[in-house]
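If you want the building blocks of each chain, they are given just below.
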Amino acid sequence: MKLLKEQIIKEGKVLSDTVLKVDSFLNHQIDPLLMKEIGEEFANRFTDEVITKILTIESSGIAPATMLGLTIGAPVVFARKRKSLTLSENLFSSKVHSFTKNETNDISVSKDFLSANDNVLIIDDFLANGEAVKGLLEIAEQAGATVIGVGIVIEKGFQKGGQLLREQGVRVESLANIKSLENGKVEFYD
Ligand code: 5GP
């Protein structure tokens, strides 16, 4: 997606060979016009599928997921990161190791908002090692829902998540795929 790649080049900050900061339009401040285009692009990529629910994880997945939801008229559910699961039993839950924070979070979704009748599209901001998506796939599986695919705003193709998911037969569509962040420079796959 051309506009997204341009924005990454213009405003992205390469923090290391593996971490890209895009706080000015995705992870802290949000660019609504870019998010709108991102939502429309996801809708185009999955136009062949019936999506009854969009599943993401707080907090940075919520903006792109909501813009997709607005475009296709489907509700968005975001997994919450919780410290304790003892407060409620009405939850689907899994564990996610955070690549950027180097900590493991329990994530959960209320059983009220996901069921075996759902065709789910998973959305997230970044794909690195695939831990967040794996956690969301587990939650969808617990619900008995059908996962039709995964939409990612920025995939870092030099990390293993995308390959692992595709090898498992999961359809992954990323709007920008980064080949390298070496020497402080962002390089994309074509
Ligand atoms: P994964 O679970 O695939 O290893 O990592 C994806 C999650 O970690 C995303 O939800 C995202 O929040 C965070 N993440 C991974 N890599 C980056 C990165 O380079 N920059 C930012 N801002 N977040 C990242």
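A brief structural summary. (Residues numbered from 1 in each chain as written. Predicted model: local features only at pLDDT ≥ 70, side-chain atom pairs only at ≥ 80, totals over all residues. Heavy atoms only, no water.)

Glancing now at the overall build of the protein. Broken down by element type, the protein carries six helices and 10 strands. What you see for the protein is a C-alpha radius of gyration of 16 Å, in line with the 16 Å of a compact globule of 190 residues. With the C-alpha coordinates of the protein rotated into their principal frame, the extents come out at 45 × 35 × 35 Å. The buried share of the protein, reckoned over its 190 residues, is 47%. Relative to all contacts within the protein whose residues are 6 or more apart in sequence, the contacts with residues 24 or more apart total 62%. Total accessible area computed for the protein in this model is approximately 9700 Å², and 48% of it derives from carbon and sulfur atoms. For the protein, the centre of its 22 positive side-chain charges and the centre of its 27 negative side-chain charges are spaced 3 Å apart. (Helix = DSSP H or I, 4+ residues; strand = E, 2+ residues; numbered from the N terminus. Rg over C-alpha atoms; globule rule 2.2 N^0.38 Å. Buried < 20%, exposed > 50% of the residue type's maximum accessible area, 1.4 Å probe, protein only. Contact = heavy atoms within 4.5 Å. Areas by Shrake-Rupley, 256 points an atom, 1.4 Å probe, with all protein chains shown as cover. Lys, Arg positive; Asp, Glu negative; His and termini not counted. Charge placed at Lys NZ, Arg CZ, Asp CG, Glu CD.)

Scanning the model with the defined rule gives 11 salt bridges in all. Note that Glu41 and Arg45 form a salt bridge whose closest N and O atoms lie 2.8 Å from each other. A residue pair is termed a helical-turn pair when its members lie 3 or 4 positions apart in one helix, as Glu41 and Arg45 do in helix H3 (residues 32-45) at four residues. Owing to a relative accessible area of 22%, Glu41 belongs among the partly exposed residues under this scheme. Owing to a relative accessible area of 21%, Arg45 belongs among the partly exposed residues under this scheme. Overlapping salt bridges, with partners in common, bring together Glu41, Arg45, Asp48, Glu49, Arg171 and Glu173 in one network. (Salt bridge = Lys/Arg side-chain N within 4 Å of Asp/Glu carboxyl O.)

This next bit is on the site of the ligand. If you check the shell around the ligand, you find 16 residues, and the closest are Leu20, Ala128, Gly130, Ala132 and Lys156. Between a nitrogen atom of the ligand and a side-chain N or O atom of Asn27, the distance comes to 2.9 Å. At 2.8 Å, a backbone N or O of Ala132 approaches an oxygen atom of the ligand. In isolation the ligand exposes 500 Å². Once the protein is present, 87% of that is buried. Mapped by element, the contributors of at least two residues to the shell around the ligand are strand E7 (119-127) and helix H5 (131-143). The dominant element in the shell around the ligand, judged by the number of residues it contributes, is E7, at four residues. When its residues are assigned to classes, the shell around the ligand shows seven nonpolar, five polar and four charged. (Near = heavy atom within 4 Å. Polar contact = N/O pair within 3.5 Å; in protein donor to acceptor, adjacent residues only side chain to side chain. Nonpolar A, V, L, I, M, F, W, Y, C, P; charged D, E, K, R; others polar.)

Another aspect to go through is unusual backbone geometry. Following Glu58, the chain continues to Ser59 via a peptide bond in cis, the omega torsion being -5°. Following the sequence through the fold, Ser59 ends up in the loop between strand E3 (53-57) and helix H4 (62-72).

Here we come to the pairing of strand E5 (residues 91-97). Taken together, the seven bridges between E5 and strand E6 (residues 104-110) define a ladder with antiparallel strand orientation. Within the sheet, the bridge partner assigned to Lys95 lies in E6 and is Asp106. Here E5 hands over to E6 after six residues, with Asn102 in that stretch at a positive phi of 50°. (Pairing = 2+ DSSP bridges.)

Our focus in this paragraph is helix H1 (residues 2-11). The set of residues buried in H1 consists of Leu4, Gln7 and Ile8. Taken down its axis, H1 places every buried residue within 100° of arc, on the same side. In this structure, H1 carries Lys2, Ile9 and Lys10 as exposed residues pointing more than 90 degrees from its buried face. Tucked into the core, H1 has its buried residues touching strand E2 (20-21), helix H2 (23-27), H3, strand E8 (146-156), strand E9 (172-180) and strand E10 (187-188). (Arc of directions from axis to C-beta.)

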